[in-house]
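# Descriptive structure summary
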Amino acid sequence: MSRSYYIAGNWKMHKTRAEAAELAKALVSQLKDGKHKYLVAPAFTSLETVAAVVKGTNIRLGAQNMAAEEQGAHTGEVSVLQLKDLGVQTVILGHSERRHVYKEDDELVNKKVKLALRHGLEVILCVGETLEERDAGKAESVCETQTVKGLLGVAAGDLARVVIAYEPVWAIGTGKTATPEDADAIHAYIRKVVGKLYGEDAARKIIIQYGGSVKPDNAAQLMAKENIDGALVGGAALKADSFVPIAKFA
Ligand code: PEP
């Protein structure tokens, strides 16, 4: 496979600055000989601290969200300009918690995707169906809609800075993982959707991560699948002891 593996850790609303620095330092030392692409996404409050630790290493710095506007009267929001100022290289957008808890819709996510790309950031665009949607046979169509609407207006030349994360909502933080076969089938479908939008070559190149209760003991089976190019890890990303074996899956 010509695509490289990309393992990302989403630390969500966890860790003080001291705790974040400690984890980042452990990852820097334990992943320095890692062969894949790596990212950590701490909470906004720890970005500056973690930036200082990962600078110049093989671990990228990510944010978990950003505002849809560049700046202005948006109390409580964080701007792309502020993220870049801290050294953020990547932003996770459309995470299921943003979509389902904070009611972000495809239009808002798309606005953020375009703004992040315009400012040179890499984007991890999350898509995924709820259990209800899966049971109704709509997993593919939900992922297709979120992919198509999320990428609306994104130029082909910017697609190299887009990663898609397939995260079935029912598998996030629940301990339930999609079987490697089920996940691979959706990844293949998303790749086909990207192909319809941007052509075969773009579809072959785009990195599609899987997210949803990825752990040290299921990472290798998931990564072995043809269309699974990495992982977006939540719970298991909070400790070096669980993130490192995922990041170094054999
Ligand atoms: C996530 O939130 O992106 C995620 C996949 O979480 P978890 O690994 O805990 O299921």
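From a predicted model like this one, the values you see are computed outputs, not experimental measurements.

Basis of the calculations
- Residues numbered from 1 in each chain as written.
- Predicted model: local features only at pLDDT ≥ 70, side-chain atom pairs only at ≥ 80, totals over all residues.
- Heavy atoms only, no water.
- Near = heavy atom within 4 Å.
- Polar contact = N/O pair within 3.5 Å; in protein donor to acceptor, adjacent residues only side chain to side chain.
- Nonpolar A, V, L, I, M, F, W, Y, C, P; charged D, E, K, R; others polar.
- 1 Å grid on protein atoms, 1.4 Å probe; cavity = no way out; pocket = protein on both sides within 12 Å on 5 of 7 lines; lining within 4 Å.
- Points joined across faces, edges and corners; volume = space filled by probe spheres on them.
- Helix = DSSP H or I, 4+ residues; strand = E, 2+ residues; numbered from the N terminus.
- Salt bridge = Lys/Arg side-chain N within 4 Å of Asp/Glu carboxyl O.
- Core = buried A, V, L, I, M, F, W, Y, C linked by side-chain atoms within 4.5 Å.
- Buried < 20%, exposed > 50% of the residue type's maximum accessible area, 1.4 Å probe, protein only.
- Contact = heavy atoms within 4.5 Å.
- Phe/Tyr/Trp six-rings, centres within 6.5 Å; stacked < 30°, edge-to-face > 60°.
- Lys NZ or Arg CZ within 6 Å of the ring centre and 35° of its normal.

## Describing the site of the ligand
- Near the ligand there are 14 residues, and of these Lys12, His95, Glu167, Gly173 and Ser213 occur at the shortest range.
- Between Gly235 and the ligand, the recorded distance is 2.8 Å, taken from a backbone N or O atom to an oxygen atom.
- Residue composition of the shell around the ligand, grouped by class: four nonpolar, eight polar and two charged.

## Looking at the layout of surface pockets
- Within this model, the largest pocket holds a volume of roughly 460 Å³.
- If you trace the largest pocket, you find 14 residues lining it, with Lys12, Met13, Gln64, Arg98 and Tyr102 closest to the centre.
- Looking at the second largest pocket, its volume works out to about 220 Å³.
- Taken together, Lys37, Glu122, Leu159, Ala160, Val162, Val163, Asp201, Ala202, Lys205, Ile206 and Ile207 make up the full set of residues lining the second largest pocket.
- Looking at the lining of the second largest pocket, the elements with two or more residues in it are strand E6 (162–166) and helix H9 (200–205).
- It is H9 that contributes the most residues to the lining of the second largest pocket, three residues altogether.
- Grouping the constituent residues of the lining of the second largest pocket by class yields seven nonpolar, no polar and four charged.

## Description of the pattern of salt bridges
- One pass over the structure, following the stated rule, counts 17 salt bridges.
- With its nearest N and O atoms 2.8 Å apart, the salt bridge here joins Arg99 to Asp106.
- Shared partners join several salt bridges into a network, and the residues in it are Arg3, Arg191 and Asp229.

## A look at the nonpolar core
- Ile7, Trp11, Leu27, Ile164, Ile190, Tyr210 and Val233 are the most contacted members of the largest nonpolar core, which has 71 residues in total.
- Among the elements that take part in this core, helix H1 (residues 17–31) stands out by supplying six residues, more than any other.
- Look past the residues within four positions of Val233 in its chain and what remains in contact with it is Ile7, Ala8, Gly9, Asn10, Val214, Phe243 and Ile246.
- Leu39, Ala41, Ile92 and Ile207 belong to the second-largest nonpolar core, a separate cluster that totals 11 residues.

## Remarks on the packing of aromatic side chains
- One pass over the full model with this rule turns up two aromatic pairs.
- Ring geometry for Tyr5 versus Phe249: centroids 5.0 Å apart, planes at 80°, classification edge-to-face. Of this pair, Tyr5 sits in the segment before strand E1 (6–10) while Phe249 is found in the segment after helix H11 (240–247), placing the two residues 244 residues apart along the sequence. For the pair Tyr5 and Phe249, one class covers both residues: buried.
- When the ring centre of Tyr6 is taken as origin, the NZ or CZ atom of Lys37, which lies over that ring, is 4.3 Å away.

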